[in-house]
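Close look at the chain arrangement
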Amino acid sequence: MPATISRQSILALLLVMLTALSAPAQQADAENCNLCHSLALLGIATPSNGIRSFEVTAEAYSHSTHRNVICRDCHTDVNVFPHPVEVAKVECYKACHITKPFALTGYSHAEQADAHAISAHGFNSKYSTEKNEAKPDCKYCHSNTFRNVIQDDVLEKNSEHCARCHEGEGLAGVILHVSSHSGHRTAEESIDVVELCSSCHADQGHMKQFDVNLTQVSGYERHFHGKALKRGMNEVANCMDCHRNHLNLPAEDPNSSIHPNNIQQTCSSNSYCHANATAKFAVSAIHSEPTTQNNPILFYVEWGFIILTAGTMAILFSHIFLDFGRWVGDIWLRRKEK
Amino acid sequence: MSRDYTRFTLSQRLQHIFMFVPFIILVLTGFPIKFPESEFWSVVMSAAGGIENARIIHRFAAAVMILDFAFHIVYVGYNLIKKRPSLADMHLVPNGRDGKNIIENIKYFLFLSDDRPRFHRFSYIEKFDYWAVFWGMFIMAGSGIILWFPVLFSKFLPGIIIQIAYIAHSDEAMLALLAIIIWHFYNVHFNPRIWPANNVWYKGTLTEEEMEHEHPLELEEIKAREEASK
């Protein structure tokens, strides 16, 4: 058994699993919640929030990520009928009735939630409540609306991208990951990942309240990865490939995938990226929006080219303009003489 | 009496073709990546078969262009050693006459004089074209090869060199494209005295009339030499 799995075999595996997993959900509405919640007019009108619909269409639900999870697995405090007016928000780290493979324990997103909690996106005691709430929680990135309409071809297209990080995990690891992702159908196109991250990180007004680099997105977009991705080259790195999916940590943190000690490992972590990346290669700042402070050499190289180009073109244009002017002038003079 | 004067040998004409054909391909496969959101370049990118294909085509065309340039260097070196020309015979080397010609030409443009400068074998305009390509080749090929093998180059050069190469490749490409489509195309196509095209690039010869108009000093010298050898 080879230690690494080829992209082709993962793709084949995925296709088999997709077929197996696309069977319609049977027990999801075991408690018959849709008896009421399928009604289009079911909702509540409050002075503060306006009209809030409680309708859950069978179509949307049966195509959603959680189509196999019964309602009360997540909506845990809806225990009586009629339901209480105030109910707690859904927390993703709670165990549900889906069984974890080989474990016989309830499945939960606790592992991801724990990573998120200590990441840059998690709760920070130095920040005000308002600021902490302005950071993305599970549902910001994984909202059901974001993942409602899921096309199988997206998964197929992205299997190559998945395999890049999971290639070294052996068959069992691959099956776990692939089954989990195809079961949840969470594979996104790289361009969607960048769009999702950019929804906050490109918003200068929003990001200004945090102590982060404000040019991350523009820096990514001006670099090869960003440009090639826009042109449809899916194997280039998206945000998550380098910054990880849940444990996003700032570069100063020694556990961060982009800490100077780890960045070389991150760039060379799989054979599809920059295998054998050297330390010097890895430190060449990928998000650099050069300034006289952070990167004076690049700043002056860039301005040097701008001045060279503008200067050269100004001279050449003047020459062309004058040359053409003399030609037109000659015609005019000749006509005048006649 | 009308006769033709050889201006470019077959080898020189081929060197030009093997420079400009890859140049066009490089522009068409490179600029869609420089401008990833441009609709115009999207059309070009699809015509090239998408970014994956374009990257392969780009490198192939680059190899052809670099080989052509390398051949040119060898060709020039060989001729320098074989013919040992005097400085005056190295017609592409900028000299004092170019400065004089620029002033004369500006005076002519501004109607301060009615005489066009009398150019020798290469006017300052043509010398500029030649040396612009010469400089551009080093920048484009140098930065392009670094971007082609970034990990390899980072083994013995500082990491910032990759970033510099990235900026240099992208910006010098813009300068080169502008210089070609504005300056070079004006001087060999759109200039109303030339329009629609100067066909010396494939014919290799100029007529006596063209010589008198564009390179009178060279014509004079050729005739004087012929007179002397009679």
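What you see is a predicted model, and the numbers here were worked out from it, not measured in a lab. Numbers given to residues run from 1 along each chain, matching the order in which its sequence is written. The lettering of chains begins at A and the numbering of ligands begins at 1, in the order of writing. Where totals are concerned, whole chains, interfaces and linings use all residues; where local detail is concerned, this predicted model gives features only for residues with pLDDT of at least 70, and gives and counts side-chain atom pairs only at 80 or more. Derived side-chain values reflect all non-hydrogen atoms in the structure, with water molecules and hydrogen atoms excluded from consideration.

Turning to the overall build of chain A, a few remarks are in order. For the purposes of this entry, the term helix denotes a DSSP run of H or I that reaches at least four residues, the term strand denotes a run of E that reaches at least two, and both are numbered from the N terminus. Along its length, chain A carries 17 helices and two strands. Taking all 338 residues of chain A together, the buried fraction comes to 31%. Contacts are residue-level and defined by heavy atoms, with any inter-residue pair within 4.5 Å sufficient. Considering only contacts in chain A between residues 6 or more positions apart, those separated by 24 or more positions represent 56%. The accessible surface values rely on the Shrake-Rupley method and a 1.4 Å probe; as for residues, cover is taken only from the protein chains in view. Approximately 20700 Å² of chain A is accessible, and the part contributed by carbon and sulfur atoms is 61%. Buried residues are those whose accessible area, probed at 1.4 Å on protein chains only, stays under 20% of the maximum for their type, while exposed residues exceed 50% and partly exposed ones sit between those limits.

Attention now goes to the packing of aromatic side chains. For any pair of aromatic rings, the description rests on two quantities: the centre-to-centre distance and the angle between the ring planes. Under the pairing criterion, centres of Phe, Tyr and Trp rings, with the six-membered ring standing for Trp, must be within 6.5 Å; the plane angle then separates stacked pairs below 30 degrees from edge-to-face pairs above 60, leaving the rest tilted. A full pass over the atoms with the stated rule returns 22 aromatic pairs over all chains. Linked through ring pairs, Phe69(B), Tyr130(B), Trp131(B), Phe134(B) and Phe138(B) together constitute an aromatic cluster. Only Lys NZ and Arg CZ are tested; either one counts as a charge over a ring when it is within 6 Å of the ring centre and within 35 degrees of the ring normal. Its end group placed over the ring of Tyr108(B), Arg326(A) keeps NZ or CZ at 4.1 Å from the ring centre.

Buriedness of a pocket was judged along seven lines, with at least five required to meet protein on both sides within 12 Å; pockets are open sets of points on a 1 Å grid over the protein atoms alone, cavities are sets where a 1.4 Å probe fits but cannot get out, and lining residues have an atom within 4 Å of a point. Grid points are joined across faces, edges and corners, and a volume is the space filled by probe spheres set on the points. For the structure shown, the criterion picks out five cavities of 30 Å³ or more. By volume, the second largest cavity is sized at about 60 Å³. Around the second largest cavity, the lining residues are Gly219(A), Arg222(A), His223(A), Ile286(A), Ser288(A), Leu298(A), Gln163(B), Tyr166(B) and Ile167(B). Of all the secondary structure elements, the ones that give two or more residues to the lining of the second largest cavity are helix H12 (216-222) of chain A together with helix H7 (160-190) of chain B. Polar here means any residue outside two lists: the nonpolar Ala, Val, Leu, Ile, Met, Phe, Trp, Tyr, Cys and Pro, and the charged Asp, Glu, Lys and Arg; Gly therefore counts as polar. In terms of residue class, the lining of the second largest cavity is made up of four nonpolar, four polar and one charged.

With that settled, consider a nonpolar patch on the surface. Residues and elements named next belong to chain B. On the surface, Ile145, Trp148, Phe149, Leu152 and Phe156 cluster together into a nonpolar patch covering about 460 Å² of accessible area. Positionally, tryptophan 148 belongs in helix H5 (residues 124-148). In this structure tryptophan 148 comes out as partly exposed when scored by relative accessible area, which is 32%. Like-charged residues are merged into a patch within 9 Å and nonpolar side chains (Val, Leu, Ile, Met, Phe, Trp, Tyr) within 5 Å, provided each residue has over 30% relative accessible area and no salt bridge. Only one rule defines a salt bridge in this text: a Lys or Arg side-chain nitrogen within 4 Å of an Asp or Glu carboxyl oxygen.

Residue and element names in this part refer to chain A. Considering only enclosed or pocket space, the second largest pocket measures out at about 570 Å³ in volume. What lines the second largest pocket is a set of 20 residues, and nearest its centre among them are Glu91, His116, Pro136, Asp137 and Cys138. Sorting elements by how many residues they give to the lining of the second largest pocket places helix H5 (residues 110-118) first, with four residues. Taken together, the residues that form the lining of the second largest pocket break down as eight nonpolar, five polar and seven charged.

Counted by the stated rule, this structure contains 15 salt bridges over all chains. The salt bridge involving Glu221(A) is made with Lys230(A); its shortest N-O contact spans 3.6 Å. Exposure remark for Lys230(A): the relative accessible area of 27% places this residue in the partly exposed category. Put simply, Arg326(A) and Asp114(B) hold a salt bridge, and the shortest N to O gap is 2.7 Å. With Arg326(A) in helix H17 (residues 296-337) and Asp114(B) in the loop between helix H4 (96-109) and H5, the pair connects residues from two separate chains. A relative accessible area of 3% places Arg326(A) in the buried class. A residue is classified by how much of its surface remains accessible, and Asp114(B), at 59% relative accessible area, is exposed. In this structure, a network of salt bridges that share partners links the residues Glu221(A), Lys230(A) and Glu37(B).

Turning next to the nonpolar core. Membership of the largest hydrophobic core comes to 16 residues, with the highest contact counts inside it found for Val27(B), Phe31(B), Met65(B) and Met137(B). Mapped by element, the contributors of at least two residues to this core are helix H1 (10-34), helix H2 (39-47), helix H3 (50-83), H5 and H7 of chain B. Those residues in contact with Phe31(B) that lie beyond four places of it in its chain are Leu26(B), Trp41(B), Ala173(B), Met174(B) and Leu177(B). To qualify as a nonpolar core, a set must consist of buried Ala, Val, Leu, Ile, Met, Phe, Trp, Tyr and Cys residues joined through side-chain atoms within 4.5 Å. Counting 13 residues, the second largest nonpolar core, distinct from the first, contains Ala228(A), Val236(A), Cys239(A) and Ala54(B).

Size of an interface: often given as the accessible area lost when the parts come together. Between chain B and chain A, the residue contacts involve 51 residues of the former and 43 residues of the latter. Interface area, chain B with chain A, both sides summed: about 4300 Å², of which 69% is carbon and sulfur. On the chain B side of the interface with chain A, the three residues burying the most area are Phe109(B), Gln163(B) and Tyr166(B), jointly 15% of the side's total. Linking chain B with chain A are three salt bridges, by the criterion used here. The residue Glu37(B) makes a salt bridge to Lys230(A) at a minimum N-O spacing of 2.4 Å. N or O atoms closer than or at 3.5 Å make up a polar contact, with two conditions inside protein: a donor-capable atom paired with an acceptor-capable one, and, for residues adjacent in sequence, both atoms drawn from side chains. Counting the contacts that link chain B with chain A gives 17 residue pairs in polar contact (both at pLDDT 80 or more). Secondary structure elements with two or more residues in the side of chain B that touches chain A: H1, H2, H3, H4, H5, helix H6 (150-153) and H7 of chain B. Tallying contributions element by element places H7(B) first for the side of chain B that touches chain A, with 15 residues. In terms of residue class, the side of chain B that touches chain A is built from 34 nonpolar, eight polar and nine charged. Using a 1.4 Å probe, buried area is obtained as the accessible area two parts lose upon being combined, added over both of them.

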